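Listed below are the residues making up each chain.
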Amino acid sequence: MAEKFKAPRGTFDVLPGTMPQRERLIRTAGDIFSRAGYGWAATPVFEDTALFERGVGKSTDIVRKEMFTFEDKGGRSLTLRPEGTAPICRAYVEHGMHKLAQPVKLAYSGPFFRHERPQAGRYRQFHQIGAEAIGSDSPLADAEVITLFSDLIEELGVPAVELRLGSLGSLDARREYLEELKSHLRSREAELSDDVRERIELNPLRAFDSDHEGTKAVMTDAPQLLDHLDTADAEHFAEVRELLSTASVEYTIDPTLVRGLDYYTRTIFSFVCDRLGAQSEIGGGGRYDGLIAQLGGPETPAIGWAAGIERILLALDEEVAAPGRDLFIAVAGDGQRAKAVALVAELRRAGISVEIDLAGRSIKGQLKHAERIKAAHTLVFGEDDSSRLRTRGESEDRQIQPSEVLEAISR
Ligand code: AMP
């Protein structure tokens, strides 16, 4: 026998058994987004590698280790998108969206790719859903996008989710703090993990995110950014907190919160579900006031988030039953087949969900199959031109003409 194939490591198939959960998630998010004036956008699954190097940051794990990068036949370096914000910002600049009324409010969903070590909740191809409000520095925008996320969690019914909130301050104001943090790290260099030690100069904030015991000990008495915010940043953060409380969104302040991408400024946040084990973050995001300018656009403040669809589904761990069919048409003899096929086409065009046997089953097998697909009604074409309608939950069949079936089942 020929060798069989498997889906590549870290990827998975979504089959009809679990697709309804995904569809419900996207539908729920779509409703929430459209009520708040966010429109769906879609960008290509691959982009110029330099977009992510510049946008996500060369010192990040994503760019250093996790990108699926390849050369196309024209010698260009392309990368399967590891995240959605840089591509959305690229599109904002490319299409001159700064000329539109601001902020531009966009939502997206689709597959993303990171070459990480696969484990529960961590894949090499995963799916995110996200929202971005581009062109406003108002704390109102921060509170709005965070509330959208919180509403999504609420409407889906994801249990045990906590919102953690922090602020990184603006880039200029952060500089002084970073020097202080670096000297703290340098003074205890020997205790740090190799990874953190190598990145003291490039990305010292990442030390807060380390699982390494020695590093964790060093970080317990590290200076904290929240104590070093300048007045403007501190006021901005206070307003965001107040607006969230006004919108009845609960949060906890996490002074050690950092994120894995370089572009964040001011507000950052993370939604965590404690039922998820090691990969407990459902999603997160923050402000990225410098990114659009970094990608060649005008200075444009912005904020957004991304949530992992698989993480949400794992946290929900729910079964969404596939809907049953309105009707199954069972055909006893070959003579009636053409009539049945015509009726199926007509009813489907009229919006009825209807199936007919495609597998050569006996009439008994067809009736069993109608049960299996949870058909609300079954129309049985007899050998002799007669037909009868069987309705779930009713003991008696009814004699009816095929032409009457639409009316009979629409009642
Ligand atoms: P990030 O773009 O790194 O801020 O991640 C946002 C969210 O995407 C995370 O909170 C996860 O829910 C999800 N996510 C990120 N990486 C992966 C992955 N490798 N597998 C599954 N979900 C992921």
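Before reading on, note that the structure itself is shown above.
These notes cover the structure that comes with them. This one's a predicted model, so the numbers in the text were calculated from it and none came from an experiment.

Digging into the sheet that holds strand β10 (residues 281–287)
What the 8 strands build is an open sheet, ordered β1-β5-β6-β11-β10-β9-β7-β8; its pairing is mixed. The sheet is open, and its two edges are formed by β1 (39–40) and β8 (252–253), each paired on a single side. Strand direction decides the pairing type here: β10 and strand β11 (residues 302–308), joined by 5 bridges, are antiparallel. Paired with R287 across the two strands is I303, which belongs to β11. On the sheet, helix α1 (residues 19–35) packs against β1, β5 (104–113), β6 (125–134) and β11 and is oriented at approximately 5° with respect to β6. Relative to the sheet, helix α11 (residues 309–316) contacts β6, β9 (265–273), β10 and β11, its axis offset from that of β11 by approximately 50°.

As for α1
Look at α1: 24 Å from first C-alpha to last across 17 residues, which is about the 24 Å you get at 1.5 Å a residue. Looking at α1, one finds that the buried residues are P20, Q21, R22, R24, L25, T28, A29, G30, I32 and F33. On its buried face, α1 sits against β1, β5, β6, α5 (139–156), β11 and α11. Looking one or two places after α1, you find G37, whose phi comes out positive at around 85°.

Thoughts on the packing of aromatic side chains
Going through the model one piece at a time under the given rule, you end up with 12 aromatic pairs. Here F33 and W40 contribute two aromatic rings whose centre-to-centre distance is 5.5 Å and whose plane-to-plane angle is 85°, an arrangement assigned as edge-to-face. Of the residues examined, F33 reaches a relative accessible area of 2% and is grouped as buried. Taken together, a centroid distance of 5.6 Å and an interplanar angle of 65° make the contact between Y263 and Y288 edge-to-face. Of this pair, Y263 sits in the loop between β8 and β9 while Y288 sits in the loop between β10 and α10 (291–294), placing them 25 residues apart in sequence.

Conventions adopted
Residues numbered from 1 in each chain as written. Predicted model: local features only at pLDDT ≥ 70, side-chain atom pairs only at ≥ 80, totals over all residues. Heavy atoms only, no water. Pairing = 2+ DSSP bridges. Helix = DSSP H or I, 4+ residues; strand = E, 2+ residues; numbered from the N terminus. Contact = heavy atoms within 4.5 Å. Axes fitted to C-alpha atoms, helices over the stretch in contact; angles between N-to-C directions. Expected span 1.5 Å × (residues − 1). Buried < 20%, exposed > 50% of the residue type's maximum accessible area, 1.4 Å probe, protein only. Phe/Tyr/Trp six-rings, centres within 6.5 Å; stacked < 30°, edge-to-face > 60°.

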